[in-house]
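Chains, contacts and geometry: an overview
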Amino acid sequence: MEISLDTLIDQINQSQKSIIKFYLFGVTGIGAPSLSQDKLQVNKDEDGYVFFQIAGEDEGTGYHINEKHEIYQEEPDEEAQAKYEVREQGILLMEIRLY
């Protein structure tokens, strides 16, 4: 089911733990680094973007997501309470699992 960016932000900000797996990053091609963070808080900037920094990378390395991205709520797996996929023109950028 497709959801809005505001809904995703609310769900992330209410969760106790977030695990984000990143795909197709930077100039290095396909990869799947992940970020695990307790009580992650995200907000839109003045241009309507949310920035997700790739763990362990330079401060500016990550994805800027806005309402134009496709955000889908998926069936949660493992012990997650919720799972989301963020896509750009059908290409998977991130999987977000909330606990």
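For the structure, see preceding data.
Residues numbered from 1 in each chain as written. Predicted model: local features only at pLDDT ≥ 70, side-chain atom pairs only at ≥ 80, totals over all residues. Heavy atoms only, no water.

**A few points about the side chain of Lys83**
As a reminder, the rule being used: A run of H or I in DSSP becomes a helix once it reaches four residues, and a run of E becomes a strand once it reaches two; helices and strands are each numbered from the N terminus. The contact criterion used is simple: two residues touch if any of their non-hydrogen atoms lie within 4.5 Å.
Secondary-structure assignment places Lys83 in strand β6 (residues 82-88). Setting aside anything within four residues of it in sequence, one finds Lys83 in contact with Tyr72, Gln73, Glu74, Glu75, Pro76, Asp77, Glu95, Ile96 and Arg97.

**Focus: the pattern of salt bridges**
How we decide: Salt bridges are defined by distance alone: a side-chain nitrogen of Lys or Arg within 4 Å of a carboxyl oxygen of Asp or Glu. Relative accessible area decides the class of each residue, using a 1.4 Å probe on protein chains only: under 20% of the type maximum gives buried, over 50% gives exposed, and in between gives partly exposed.
Per the counting criterion, the structure on display carries six salt bridges. The salt bridge involving Lys44 is made with Glu67; its shortest N-O contact spans 3.9 Å. Highlighted residues: Lys44 in the loop between β2 (34-38) and β3 (50-53) and Glu67 in the loop between β4 (62-65) and β5 (70-74), separated in sequence by 23 residues. Residue classification places Lys44 among the partly exposed positions, given a relative accessible area of 34%. Using a relative accessible area of 44% as the deciding quantity, one classes Glu67 as partly exposed. Its salt-bridge partner being Arg97, residue Asp77 comes within 2.9 Å of it at the nearest N-O pair. Here Arg97 lies in strand β7 (residues 91-98) and Asp77 lies in the loop between β5 and β6, a separation of 20 residues in the sequence. Judged by relative accessible area, Arg97 falls into the buried class, the value being 11%. Through salt bridges with shared partners, one network takes in Asp77, Lys83, Glu95 and Arg97.

**What about the nonpolar core?**
As a reminder of what qualifies: Only buried Ala, Val, Leu, Ile, Met, Phe, Trp, Tyr and Cys residues count toward a nonpolar core, and they belong to the same one when joined by side-chain atoms within 4.5 Å.
Residues Leu8, Phe52, Ile65, Met94 and Ile96 are the most contacted members of the largest nonpolar core, which totals 23 residues. Breaking this core down by element, the ones donating at least two residues are α1 (5-14), β1 (17-22), β3, β4, β6 and β7. Excluding residues that lie within four positions of it along the chain, Leu8 makes contacts with Ile3, Ile71, Tyr84, Val86 and Ile96.

**Re the pairing of β6**
Convention followed: Two strands form a pair only when DSSP identifies at least two bridges running between them.
For β6, a buried count of five out of seven residues is recorded, marking the element as mostly surrounded by other parts of the structure. Where β6 hands over to β7, the hairpin turn is made up of two residues, of which Gln89 adopts a positive phi near 50°.

**Notes on α1**
Spelled out, the test is: In this description, one arc is meant: the one made by directions from the helix axis to the C-beta atoms.
Among all positions in α1, only Leu5, Leu8, Ile9 and Ile12 are buried. Within α1, the buried residues cover an arc of 100° as seen down the axis, which keeps them to one side. Of the surrounding secondary structure, the elements contacted by the buried residues of α1 are β1, β3, β4, β5, β6 and β7.

The values are spatial; any link to function lies outside them.
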